[in-house]
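So the chains spell out like this:
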Amino acid sequence: MRKTMVAGNWKMFKTAGEAAILVQNLEDVARECSGDAETVVAPPFTALHSVSTVLALDHPPIKLAAQDMFWEEEGAYTGEVAPRMLTDLGVAYVIVGHSERRQYFGESDEVVNRKARAVFAHAMTPILCCGETLETREADRTADFIAGQIRAGLAGITEADATDLVIAYEPIWAIGTGKTATPEMAEEVCAHIRALVAEVFDDVVAERVRILYGGSVKPENAALFFAQPDIDGALVGGAALTAEAFAPIIKAARA
Ligand code: PGA
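What comes next is a walk through the structure.

## A short note on the overall build of the protein chain
Helix and strand counts for the protein chain come out as 12 helices and 8 strands. Across its three principal directions, the C-alpha atoms of the protein chain cover 45 × 45 × 35 Å. Sequence separation of 24 or more characterises 74% of the internal contacts of the protein chain that already satisfy a separation of 6 or more. Looking at the protein chain as shown, the accessible area adds up to about 11200 Å², and 53% of this sits on carbon and sulfur atoms. Where the 22 positive side-chain charges of the protein chain centre and where its 37 negative ones centre are 2 Å apart.

Next comes the structure, spelled out in structure tokens:
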């Protein structure tokens, strides 16, 4: 039984104070839906501490995620954030390989894989992102492209770690564009990802791994994605920036 995950990626939005208010406004819905949905928020680095403080005081069933992480323990890496800086704040999940990191900051599959392994090595769980461009989809190369990203992303990850893994399928052409994949299109790729996980590990691992859909998920369409057999939740950008939009997405995970 895979629990539906509803993760809000706040990207480069929200000051520390704004993020603290937003997470407080999500506490009631997270409590109400905690039997069916695991609520996760990924504030920017500068707001992790304020959100972490709210979570420690109020104890809502909301998990903290970071949007990225460097793999080194510490050192002269100006601008980077180390694993222990995140575990110290109670971070449970780390998004790795988001398409915006790949596209604007040149992250390769190898970099994404190193980050994913480092996240596991520090007892956190990666949310490993993959997704094709419109060009790749139109050239009918989506399945191969995703297979390449997934195989590279999973290299060197142990079977024991892999059972906890979260993978997010986010077609780049659907992110922040208002265009969504149809639930059937998303299901097709998510089922393909699960088959790839079974190939790299085995069926037991593939049954445990959670696969999220991301790309213009909204209150109106979330339930359609959650109803798909291989979609275990959503990674939400724009609609996660207000409690008014994010709360109904969390509620949509209720059975
Ligand atoms: P979006 O972003 O919901 O704004 O399309 C999704 C994501 O990039 O995680």
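## As for the packing of aromatic side chains
Taken as a whole and judged by the stated rule, the model has 4 aromatic pairs. Ring centres of Y169 and Y213 lie 6.3 Å apart, and the angle between their planes is 55°; on these two criteria the pair is classed as tilted. Of this pair, Y169 sits in strand β6 (residues 166-169) while Y213 sits in strand β7 (residues 210-214), and the two are 44 residues apart along the sequence. With relative accessibility at 0%, the residue Y169 sits in the buried group. Through pairs of rings, three or more aromatic residues link up here, namely F70, W71 and Y77. Here the guanidinium or amino end of R101 rests over the ring plane of F105, the centre of that ring lying 4.2 Å away.

## Digging into the site of the ligand
Around the ligand, the surrounding shell holds 13 residues, and the nearest of these are K11, H98, E170, G176 and S216. The separation between an oxygen atom of the ligand and a polar main-chain atom of G176 is 2.7 Å. A distance of 2.8 Å is found between an oxygen atom of the ligand and a backbone nitrogen or oxygen belonging to G238. A total of 280 Å² of accessible area belongs to the ligand in isolation, and the protein chains cover 95% of it. Residue composition of the shell around the ligand, grouped by class: 4 nonpolar, 7 polar and 2 charged.

## Some points on the sheet that holds strand β4 (residues 91-96)
Sheets are built from strands paired through backbone hydrogen bonds, the pairs being either parallel or antiparallel. On the basis of which strands lie adjacent, the closed barrel formed by 8 strands has the order β1-β2-β3-β4-β5-β6-β7-β8 and parallel pairing. Going from strand to strand, the sheet's axes swing by 25° on average, the running direction of each strand aside. Sitting on the sheet, helix α7 (residues 142-154) is in contact with β5 (125-130) and β6, with an inclination near 155° to β5.

## Some words on the pairing of β6
On any regular strand, side chains alternate: one points to one face of the sheet, the next to the other face. By the alternation rule, side chains of β6 split into V166 and A168 and I167 and Y169, which are all buried. Strand direction decides the pairing type here: β5 and β6, joined by 4 bridges, are parallel. Directly across from C130, in β6, lies its bridge partner Y169. With 4 bridges joining them, β6 and β7 adopt parallel strand pairing.

## Structural notes on the nonpolar core
Counting residues in hydrophobic clusters, the biggest one holds 79 residues, and the most contacted among them are W10, L26 and I193. If we ignore the near neighbours within four places in the chain, the residues touching I193 are C130, I146, I150, I167, Y169 and I211. Ranked by size, the runner-up nonpolar core spans 13 residues in total, among them M5, V40, I127 and L212.

## So, the environment of K218
Mapped onto the elements, K218 comes out in the loop between β7 and α11 (222-226). Sequence separation between K218 and E244 is 26 residues, and the spatial gap between their C-alpha atoms is 11 Å. If we skip the residues at most four places from it in the chain, K218 touches G178, A239 and I249.

What counts and how
Residues numbered from 1 in each chain as written. Predicted model: local features only at pLDDT ≥ 70, side-chain atom pairs only at ≥ 80, totals over all residues. Heavy atoms only, no water. Helix = DSSP H or I, 4+ residues; strand = E, 2+ residues; numbered from the N terminus. Contact = heavy atoms within 4.5 Å. Areas by Shrake-Rupley, 256 points an atom, 1.4 Å probe, with all protein chains shown as cover. Lys, Arg positive; Asp, Glu negative; His and termini not counted. Charge placed at Lys NZ, Arg CZ, Asp CG, Glu CD. Phe/Tyr/Trp six-rings, centres within 6.5 Å; stacked < 30°, edge-to-face > 60°. Buried < 20%, exposed > 50% of the residue type's maximum accessible area, 1.4 Å probe, protein only. Lys NZ or Arg CZ within 6 Å of the ring centre and 35° of its normal. Near = heavy atom within 4 Å. Polar contact = N/O pair within 3.5 Å; in protein donor to acceptor, adjacent residues only side chain to side chain. Nonpolar A, V, L, I, M, F, W, Y, C, P; charged D, E, K, R; others polar. Pairing = 2+ DSSP bridges. Axes fitted to C-alpha atoms, helices over the stretch in contact; angles between N-to-C directions. Core = buried A, V, L, I, M, F, W, Y, C linked by side-chain atoms within 4.5 Å.

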